[in-house]
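Chain by chain, the residues:
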Amino acid sequence: MLVERARAGDHRAVARLITLVENGDDLLRDVAAALAPYAGQAQVVGLTGSPGVGKSTTTNELVRALRARGHRVGVLAVDPSSPFTGGAILGDRVRMQDHATDPGVYIRSMSSRGHLGGLAAATPQAVRVLEGAGCDVVLVETVGVGQAEVEVASLADTTLVLLAPGMGDAIQAVKAGILEIADVFVVNKADRDGADATYRDIQGMIALGERAAGQWRPLVTRAIAARGEGIDDIAAAIDKHRNWLVEHGELRRRQEARAAAEVEAIALGVLRDRIGSLRDGTELPALAGKVAEGTVDPYTAADELLAQLAP
């Protein structure tokens with residue numbers, strides 16, 4: 001019933017479904033089964049970059065451009081959780097108030113809940129909810145991330161990495177990590193000093209990369225998102241990458257890889273729950289005691305523990 005209401009445009013139903021996903025509700029399996037027929041119907045675009053590069057402002061302007069094309073748009077904006085209190089401000093959508101009353105836009109802020117990688121653990125399933133709700137495009141904005149938090153690349157069809165002048169020198173541009181996941185680079189705040197140097201550094205980094213014949217070469221665009229400038233260029237770059245994905249069969253491969261990651265994460269979650277239940281019994285403490293006293297090695301103990309997990 002909730003899925004039917006969500007497909008009819010009921011934002012409250014969409015909110016309830018995502019809440020069920022975030023809380024790991026007992027109804028989650030039924031929800032997933034109801035959403036399954038709509039998998040892969042939305043274009044998923046990830047936006048990532050360091051804090052302060054303008055991710056939320058760029059997301060807001062992309063929503064405007066996509067709505068002008070008549071697309072139904074969903075936004076998942078992930079905010080960091082406090083490691084001390086567990087709380088999160090969930091303030092990204094404050095910057096997107098222009099679309100708060102638009103029935104063709106659904107915006108949801110999500111707490112990372114301590115999950116590393118720039119996303120929340122529930123983000124992949126939340127994307128499925130928005131696909132099921134009929135969104136043509138889902139924009140996933142990550143937590144302000146560092147050089148190694150690249151999980152969004154495994155979730156998105158197209159990944160935008162936002163940069164800004166003054167975030168580092170040419171050496172910073174060639175470091176491994178987040179810069180290697182980009183399908184499109186966006187040099188935002190391009191009216192600032194150093195924007196041309198940042199643009200050249202990224203172009204130089206791309207030129208140094210080795211690519212097989214026919215492999216995608218990342219595009220580099222400039223924007224001043226706070227003034228709405230350069231957004232059409234970003235949208236055109238996303239379109240160009242989407243066409244390349246379809247023509248080369250890469251879109252299907254990415255969707256299958258995303259599904260494999262979801263299945264693996266769910267399976268690992270079940271295993272963690274089972275291991276947690278073993279902590280309340282006697283088997284794990286007994287094995288831990290044997291490892292501590294040196295009568296059993298940890299690998300043998302792990303094999304015995306896994307044998308206990310078999311259904």
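This structure is a prediction, so every number in the text was calculated from the model and none was measured. (Residues numbered from 1 in each chain as written. Predicted model: local features only at pLDDT ≥ 70, side-chain atom pairs only at ≥ 80, totals over all residues. Heavy atoms only, no water.)

**Things to note about the layout of surface pockets**
A volume near 1,100 Å³ is recorded for the largest pocket. What lines the largest pocket is a set of 32 residues, among which Ala121, Gln125, Glu262, Ala265 and Ile266 lie closest to the centre. Of all the secondary structure elements, the ones that give two or more residues to the lining of the largest pocket are helix 2 (11-23), helix 3 (28-35), helix 5 (123-132), helix 6 (152-155) and helix 10 (250-279). The greatest single-element share of the lining of the largest pocket, amounting to eleven residues, is contributed by helix 10. In terms of residue class, the lining of the largest pocket is built from 14 nonpolar, seven polar and eleven charged. (1 Å grid on protein atoms, 1.4 Å probe; cavity = no way out; pocket = protein on both sides within 12 Å on 5 of 7 lines; lining within 4 Å. Points joined across faces, edges and corners; volume = space filled by probe spheres on them. Helix = DSSP H or I, 4+ residues; strand = E, 2+ residues; numbered from the N terminus. Nonpolar A, V, L, I, M, F, W, Y, C, P; charged D, E, K, R; others polar.)

**Re empty space enclosed by the protein**
By the definition in use, this model includes one cavity of 30 Å³ or more. Its volume calculated, the largest cavity comes out at about 60 Å³. What lines the largest cavity is His11, Val14, Arg72, Val73, Pro103, Gly104, Val105, Tyr106, Leu130, Ala133 and Cys135. For the lining of the largest cavity, the secondary structure elements donating two or more residues are helix 2 and strand 3 (105-111). Among the residues making up the lining of the largest cavity, the classes are represented as eight nonpolar, two polar and one charged.

**Comments concerning the pairing of strand 3**
Along strand 3, seven of the seven residues are buried, which leaves the element largely enclosed by surrounding structure. In strand 3, alternate side chains face the same way, and those of Val105, Ile107, Ser109 and Ser111 on one face and Tyr106, Arg108 and Met110 on the other are all buried. (Buried < 20%, exposed > 50% of the residue type's maximum accessible area, 1.4 Å probe, protein only.)

So far we have only geometry, and geometry alone does not tell us how the molecule works.
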